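Chains, contacts and geometry: an overview
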Amino acid sequence: MTKPAISSVLLSSFLILSACGSNGGTGESASSPSPDATSPAASPSPSASSSESAGAKAPVTIEFWYGLGGKLGENMQKLIEKFNASQQEVIVKPVVQADYAETGKKLQAAIASGDVPAAVLSSNVDWARKGYYAPLDELIAGQPDFNAADVIPTFLEQGKVDGKQYFLPMYGTTQVMYYSKEALEKNGIKAEDLTTWEALGAAAAKMAVKSGGKTSFYGWEPMWGADNMIDATLSRGGSILSEDGKTVTIDTPEWIDTWEQFRKWIHEDQTMRIHSGGQGWEYWYKTIDDVMKGQAAGYTGSSGDQGDLDFAKLAAMEQPGWEGVGPGKPVASAIQAGIPAKASPEQQQAAFKWFSFFMSPENTAFWSMNTGYIAVRQSALDDPAFVAYSKSNPQSAIPLKQASHASKPFQDPTGGKINDALKIAADKVQISNMPAAKALKEAKETAQRELDKLK
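Given the structure is predicted, the values throughout are model-derived calculations rather than measurements.

Details of the overall build of the protein chain
Scanning the protein chain from terminus to terminus reveals 18 helices and eleven strands. Expressed as a percentage of its 455 residues, the buried residues of the protein chain come to 51%. Contacts in the protein chain between residues far apart in sequence, at least 24 positions, make up 77% of those at least 6 positions apart. For the protein chain, the exposed surface amounts to about 20000 Å²; the carbon and sulfur share of it is 51%.

What to know about unusual backbone geometry
Look at Asn147: it is not a glycine, yet its phi comes out positive at around 55°. Position of Asn147 relative to the elements: it lies in the loop between helix 6 (137–141) and helix 7 (153–156). Although it is not a glycine, Gln270 adopts a positive phi angle of roughly 55°. Topologically, Gln270 is positioned in the loop between helix 11 (253–268) and helix 12 (282–292).

Observations regarding helix 10 (residues 227–235)
In terms of residue burial, helix 10 counts as a mostly covered element, since eight of its nine residues are buried. Of all the positions in helix 10, only Asn228, Met229, Ile230, Asp231, Ala232, Thr233, Leu234 and Ser235 are classed as buried. Elements in contact with the buried residues of helix 10: strand 6 (167–180), helix 9 (197–207), helix 11, strand 9 (298–302) and helix 17 (417–430). Trailing helix 10 by a residue or two, Gly237 shows a phi angle of about 105°, which is positive.

Some details on the packing of aromatic side chains
Counted under the stated rule, the structure contains 24 aromatic pairs. Both rings, one in Tyr100 and one in Trp281, keep their centres 5.5 Å apart while their planes meet at 85°; by these two values the pair is edge-to-face. Of this pair, Tyr100 sits in helix 4 (residues 100–113) while Trp281 is found in the loop between helix 11 and helix 12, placing the two residues 181 residues apart along the sequence. You can call Tyr100 partly exposed: its relative accessible area is 24%.

A word on the side chain of Gln395
If you trace the backbone, Gln395 turns up in the loop between helix 15 (384–392) and helix 16 (398–403). Residue classification places Gln395 among the buried positions, given a relative accessible area of 8%. Those residues in contact with Gln395 that sit more than four places away from it in its chain are Gln306, Phe311, Ala316 and Tyr389.

Here's the deal with the environment of Gln448
Residue placement: Gln448 occurs in helix 18 (residues 436–452). Residues Gln448 and Ile250 lie 198 residues apart in sequence; the distance between their C-alpha atoms is 9.9 Å. Apart from the residues lying within four places of it in its own chain, the contact partners of Gln448 are Lys246, Thr247 and Val248. Within polar-contact distance, the side chain of Gln448 engages the backbone nitrogen of Val248 at 2.8 Å.

Some remarks on helix 3 (residues 70–86)
Given 3.6 residues per turn, any residue in an α-helix points the same way as the ones three and four places further on. Taking 1.5 Å per residue, 17 residues should reach 24 Å; helix 3 reaches 25 Å between its end C-alpha atoms and fits that length. Looking only at helix 3, the buried set comprises Leu72, Gly73, Asn75, Met76, Leu79, Ile80 and Phe83. Down the axis of helix 3, the buried set is contained in an arc of 165°. They therefore lie on one face. Taken together, the buried residues of helix 3 touch strand 1 (60–66), strand 2 (90–96), helix 13 (345–358) and helix 14 (361–371).

Regarding the side chain of Thr258
Within the element layout of this structure, Thr258 appears in helix 11. Of the residues examined, Thr258 reaches a relative accessible area of 0% and is grouped as buried. Sequence-distant contacts of Thr258, defined by excluding residues within four places in its chain, comprise Met229, Ala232, Thr233, Arg236, Pro253 and Trp322.

Thoughts on the packing of helix 11 against helix 17
Here helix 11 crosses helix 17 at 40°, and the two axes come no closer than 9 Å. The angle between helix 11 and helix 17 places the two elements in the oblique class. Contacts between helix 11 and helix 17 involve Trp255, Trp259, Arg263, Ile266 and His267 on the former and, on the latter, Leu422, Ala425, Ala426, Val429 and Gln430. Grouping the amino acids of the contact of helix 11 with helix 17 by side-chain chemistry returns seven nonpolar, two polar and one charged.

Observations concerning the nonpolar core
Generally speaking, soluble globular proteins have nonpolar side chains that are buried together. In this structure, Phe64, Leu168 and Trp354 are the most contacted members of the largest nonpolar core, which totals 58 residues. With seven residues, helix 13 is the single largest residue contributor to this core. Leaving out residues up to four positions away in the same chain, Phe64 has contacts with Met76, Ile80, Val92, Lys93, Pro94, Val95, Ala119, Val120, Leu121, Trp354 and Phe355. Grouped together as the second largest cluster of nonpolar side chains are 48 residues, Phe217, Met229, Val331 and Ala436 included.

Looking at the pairing of strand 10 (residues 314–317)
What you see with strand 10 is no split at all: Leu314 and Ala316 on one side and Ala315 and Met317 on the other are buried throughout. Relative to strand 10, strand 6 is paired through four bridges, and the arrangement is antiparallel. In the strand pairing of strand 10, Ser180 is matched with Leu314.

Observations regarding the pattern of salt bridges
All told, the structure shown has 17 salt bridges when counted by the stated rule. The partner of Asp290 in a salt bridge is Arg273, and the shortest N-O contact between them spans 2.8 Å. Taken together, the residues span a long stretch of sequence, with Asp290 in helix 12 and Arg273 in the loop between helix 11 and helix 12 at a distance of 17 residues. According to the relative accessible area criterion, Asp290 is buried, its value standing at 5%. Note that Glu442 and Lys428 form a salt bridge whose closest N and O atoms lie 2.5 Å from each other. Here Glu442, found in helix 18, pairs with Lys428, found in helix 17; they are 14 residues apart in sequence, far enough to count as distant.

Re the confidence of the model for the protein chain
Averaged over all residues, the pLDDT of the protein chain equals 88, while 88% of them reach at least 70. Residue range residues 1–54 is modelled with pLDDT below 50. Its contacts to residues more than four positions away, or to other chains, number 69 contacts.

Observations concerning the environment of Gln261
With respect to the secondary-structure elements, Gln261 resides in helix 11. Overall, the relative accessible area of 26% leaves Gln261 in the partly exposed class. Measuring from C-alpha to C-alpha, the distance between Gln261 and Trp197 comes to 9.5 Å, with 64 residues separating the pair along the chain.

Reading the values: rules and limits
- Residues numbered from 1 in each chain as written.
- Predicted model: local features only at pLDDT ≥ 70, side-chain atom pairs only at ≥ 80, totals over all residues.
- Heavy atoms only, no water.
- Helix = DSSP H or I, 4+ residues; strand = E, 2+ residues; numbered from the N terminus.
- Buried < 20%, exposed > 50% of the residue type's maximum accessible area, 1.4 Å probe, protein only.
- Contact = heavy atoms within 4.5 Å.
- Areas by Shrake-Rupley, 256 points an atom, 1.4 Å probe, with all protein chains shown as cover.
- Phe/Tyr/Trp six-rings, centres within 6.5 Å; stacked < 30°, edge-to-face > 60°.
- Polar contact = N/O pair within 3.5 Å; in protein donor to acceptor, adjacent residues only side chain to side chain.
- Expected span 1.5 Å × (residues − 1).
- Arc of directions from axis to C-beta.
- Axes fitted to C-alpha atoms, helices over the stretch in contact; angles between N-to-C directions.
- Parallel < 35°, antiparallel > 145°, perpendicular 65-115°, else oblique.
- Nonpolar A, V, L, I, M, F, W, Y, C, P; charged D, E, K, R; others polar.
- Core = buried A, V, L, I, M, F, W, Y, C linked by side-chain atoms within 4.5 Å.
- Pairing = 2+ DSSP bridges.
- Salt bridge = Lys/Arg side-chain N within 4 Å of Asp/Glu carboxyl O.
- pLDDT = per-residue confidence, 0-100.

Set out below in structure tokens:
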């Protein structure tokens, strides 16, 4: 594909994201937890100013907590080192956890003890409402060159809670499909023909290799967990809540038919499988390894996997839709960062400085090129390195193309109880071979009880 064609694909993807992402937020500005550094109350005394002019002020050191491993962790470390070398006011100290979930658990303990980091790659709407996170509106307003209008609206809006900005998007993600070029070619299958789940299921059956009742080569590997089955359900027209938000709708035919199909592929047909359990992202990397080492034809994974993949052997495609329904509508979401409210005003400003650096056009483009995640600024498209990279790496455009017709992430009004019910149901289907109708009925009953508590 030529450079102009790639550029137009990327640009159209971002423009569509921008058009559909804004929800008309109030833009209400939140009060800062303490005086702003430029306000009279926070201004240093003349003697302090004289003292600081005589010698350099000591930099503010902050901890940044995040759960990233492999190439993602390496690239995060590179940007932290670049930031620390770029200025003398702030030093970011990386504190790495096993995964996103562990970051949330450790943050919960830190909030309870009062000894919090200044910056975390984590977000929680319920905690924001309870005051555990600091609102960022005044910090954004106090930095004119932050240019919030340049941030992709659909990502920026996901960080708002009740009209206030509590989280900033570090990068966007969506689950896409990665496949072995050799496996498809060997079986006479063209990736462009796999536009429906039905077609993918048939291709998986054709590519799978069985002997003695056991599968030695799998036609596809869905990623463990509820997310990719939720994506497939949304693509079939399913919803999690009714339009009025009062009824949980995860036991409709769209849900049951979709999840039951996955159960059959995994347990009855044995043309697909999942890796589950292990420490941190262990299951994820086992899935990737199967495809890289020639034990499976393809898998469903994050756009952020691209930094770990060998595209001399692999290629990427969008998630399929369903026959008679239309293109896939998987979720595209922002991985967000926040500032705990108990961090000092000085540390909050230092954390925001770090977030702003990470979100700059040059650095968000770097992150996208090196990880596969979606850049959060529209101006990243003009970054010369990104333009050149997208020309020679067409897989980098797949997440952007998919995001242009993606579903928004579900905002769980119960503080995560509905999502938890879906995770449990997914394990029952994927691991325990429970019929989807039974698993989803149980999940619906649990989720509805939690939703009813809000009335």
